[in-house]
Amino acid sequence: MSQLRADDAPSRPSFVRRLLRSRETGIVTALAIMVVVLSILEPDFASSDNLLNDARNFSFVGIVVLGQAMVMITGGIDLSVGSVWGLCAVSSAALMAAGFGVVPACLLALLAAAVVGLFNGLCVTKLRMPPFVPTLATMSIARALALVITRGKSIDGFRPDGDWFYAIGGGDLMGLPTPFIIFLILSVVVSLVLMRSVYGRQLYAVGGNEKAARLTGLDVDNLKISVYVISSLLAGLAGIVEVSYLSSGISNQGVGKELSVIAAAVIGGTNLNGGEGTVLGVFVGAVILEVLRNGLVLLGTDAYWQGVFVGSVIVFAVFIDQLRKGVWRRR
């Protein structure tokens, strides 16, 4: 019997090779390079106060990105998150100003967010609408409702029952901003759901091949509805946390945030066609956006040019991802 030689064994990618092929390795490396360069160009960037301020700022978007990523993993997209963010912010503030307690006001605001998410999910599944259509509609509807509630004015006369509400967005815990702690906890929960639960594997299956998922007996419609509800709930939560931080609710809260949320998800490696995405990726994507924004401000870059830089980063991130997958080599 001939002896099995080492080179006859099935080849497996080494740990280093798998690490280099990982999307997360690339964006973590890019983030590290950005931090080093900005720290050299602008020493104030690396100060503890600035980094903690960055952590607070990217946490609002980060909370919403977690839900958006779940929608995108199933092959959908939610354009309404920015408006739901604003709607929940002003509705919770308005309810507290009307005499409701913190808990009832926040629960009612989140219920409104859940209704928006349910509507989006039903339109996508039962009416077979492309996700772009109903979420674009609810983006307009939710924003209009926020304006109706505020009449274009800020709501800052509410007095919640206890200062603990202000600590949710403006406080610190163990030296870290409370919104960052909330973002971390939610990231761990969503990561466990996506990577360790049957529900999470089903979401990836739907995004990878919806037809095959249906043939295997998965309830695709309910899975899709659930992620739109989750996305809206997390957007609403971000709005409430921001109200706690600002101590007021204004109708333009969350304006344009849907673009930042989608950008963070795309930069983090979530595939717009579905079936791909990790919590680590979207976490780093949210951090990259805030680091870029903060760095441009500290360097004195004209605010009007910031969108150009962010857009360029998105295109570059997708290009690198396509290069990693070898898209052009297969053509």
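Just above, that's the structure.
Keep in mind that what you see is a predicted model, and the values were worked out from it rather than measured.

(A) Inspection of the overall build of the chain at higher detail. Tallying secondary structure elements over the chain gives 14 helices and two strands in all. Across the 331 residues of the chain, 46% fall into the buried class. Across the chain, the fraction of contacts at a sequence separation of at least 24, relative to all contacts at a separation of at least 6, is 76%. Total accessible area on the chain stands at roughly 16600 Å², and carbon and sulfur atoms take up 66% of it.

(B) Spotlight on the nonpolar core. By size, the foremost hydrophobic cluster in this structure holds 72 residues, and its most contacted members are Leu66, Phe165 and Leu194. At 13 residues, helix H3 (residues 48-73) tops the list of elements feeding residues into this core. Contact partners of Leu66, with chain neighbours within four places excluded, come to Phe183, Leu186, Ser187, Val190, Leu234, Val279 and Val282.

(C) How the structure looks around H3. With 26 residues, H3 ought to run about 38 Å at 1.5 Å a step, and its terminal C-alpha atoms sit 35 Å apart, in line with that. Its axis deflected by about 35 degrees at Ser59, H3 carries its strongest bend there. Of all 26 residues in H3, 20 are buried; the element is thus mostly enclosed. Remark: Gly75 follows H3 within two positions and exhibits a positive phi of approximately 95 degrees.

(D) Here's a closer look at empty space enclosed by the protein. Tallied over the full model, the rule gives one cavity of 30 Å³ or more. Mapped by element, the contributors of at least two residues to the lining of the largest cavity are H3, helix H8 (178-196) and helix H13 (279-298). Considering every element that reaches the lining of the largest cavity, the biggest residue donor is H3, with four residues. Grouping the constituent residues of the lining of the largest cavity by class yields eight nonpolar, two polar and no charged.

(E) Structural detail: unusual backbone geometry. With phi around 55 degrees, Arg128 is a residue other than glycine that occupies positive phi space. With respect to the helices, strands and loops of the structure, Arg128 is situated in the loop between helix H5 (102-125) and helix H6 (132-150). Although it is not a glycine, Arg151 sits at a positive phi angle of roughly 55 degrees. With respect to the helices and strands, the residue Arg151 is situated in the loop between H6 and helix H7 (164-170). Taking relative accessible area as the criterion, Arg151 reaches 65% and is therefore assigned exposed.

(F) Up close: a nonpolar patch on the surface. A surface patch of nonpolar side chains, about 360 Å² in accessible area, is lined by Ile33, Val37, Leu41 and Leu299. Along the chain, Val37 falls in helix H2 (residues 23-41).

(G) Examining the environment of Gly169 more closely. By the secondary structure assignment, Gly169 is in helix H7. Placed 75 residues apart in sequence, Gly169 and Ser244 show a C-alpha to C-alpha distance of 4.8 Å. Once you skip the residues sitting within four places of it in the chain, Gly169 turns out to touch Arg56, Pro179, Val241, Ser244 and Tyr245.

(H) Inspection of the packing of aromatic side chains at higher detail. Applying the stated rule across the entire model yields seven aromatic pairs. Seen in terms of ring centroids, Phe183 and Phe283 are 4.7 Å apart; in terms of plane orientation they differ by 10 degrees. Their pairing is stacked. In this pair, Phe183 is assigned in helix H8 and Phe283 in helix H13, connecting sequence segments 100 residues apart. Classification of Phe183 by relative accessible area gives buried; the value is 1%. The exposure class assigned to Phe283 is buried, which follows from its relative accessible area of 18%.

(I) Representation of the environment of Leu110 within the structure. Topologically, Leu110 is positioned in helix H5. Considering only alpha carbons, one finds Leu110 and Leu87, 23 residues apart in sequence, at a separation of 9.7 Å. Setting aside residues no more than four positions away along its own chain, Leu110 makes contact with Cys88, Leu233, Gly236, Leu237 and Ile240.

(J) Layout of the pattern of salt bridges. Within this structure, the stated rule accounts for seven salt bridges. Here Arg293 and Glu290 are joined by a salt bridge, their closest N and O atoms 2.6 Å apart. On the criterion of helical spacing, the pair formed by Arg293 and Glu290 is a turn pair, its members being three residues apart in helix H13.

(K) View of the packing of helix H12 (residues 257-267) against H13. Their axes nearest at 7 Å, the elements H12 and H13 cross at an angle of 125 degrees. Here H12 lies oblique to H13, going by the angle between them. For the pair H12 and H13, the crossing hand works out as right-handed. Contacts between H12 and H13 involve Ser260, Ala263, Ala264, Ala265 and Ile267 on the former and, on the latter, Val282, Gly285, Ala286, Ile288 and Leu289.

Criteria and cut-off values
- Residues numbered from 1 in each chain as written.
- Predicted model: local features only at pLDDT ≥ 70, side-chain atom pairs only at ≥ 80, totals over all residues.
- Heavy atoms only, no water.
- Helix = DSSP H or I, 4+ residues; strand = E, 2+ residues; numbered from the N terminus.
- Buried < 20%, exposed > 50% of the residue type's maximum accessible area, 1.4 Å probe, protein only.
- Contact = heavy atoms within 4.5 Å.
- Areas by Shrake-Rupley, 256 points an atom, 1.4 Å probe, with all protein chains shown as cover.
- Core = buried A, V, L, I, M, F, W, Y, C linked by side-chain atoms within 4.5 Å.
- Expected span 1.5 Å × (residues − 1).
- Bend = angle between axes of the 7 residues up to and from the residue.
- 1 Å grid on protein atoms, 1.4 Å probe; cavity = no way out; pocket = protein on both sides within 12 Å on 5 of 7 lines; lining within 4 Å.
- Points joined across faces, edges and corners; volume = space filled by probe spheres on them.
- Nonpolar A, V, L, I, M, F, W, Y, C, P; charged D, E, K, R; others polar.
- Patch = residues over 30% accessible without salt bridge, like charges linked within 9 Å, V, L, I, M, F, W, Y side chains within 5 Å.
- Salt bridge = Lys/Arg side-chain N within 4 Å of Asp/Glu carboxyl O.
- Phe/Tyr/Trp six-rings, centres within 6.5 Å; stacked < 30°, edge-to-face > 60°.
- Axes fitted to C-alpha atoms, helices over the stretch in contact; angles between N-to-C directions.
- Parallel < 35°, antiparallel > 145°, perpendicular 65-115°, else oblique.
- Left-handed = near helix turned anticlockwise from the far one by under 90°.

The values reported here are purely geometric and, on their own, carry no functional implication.
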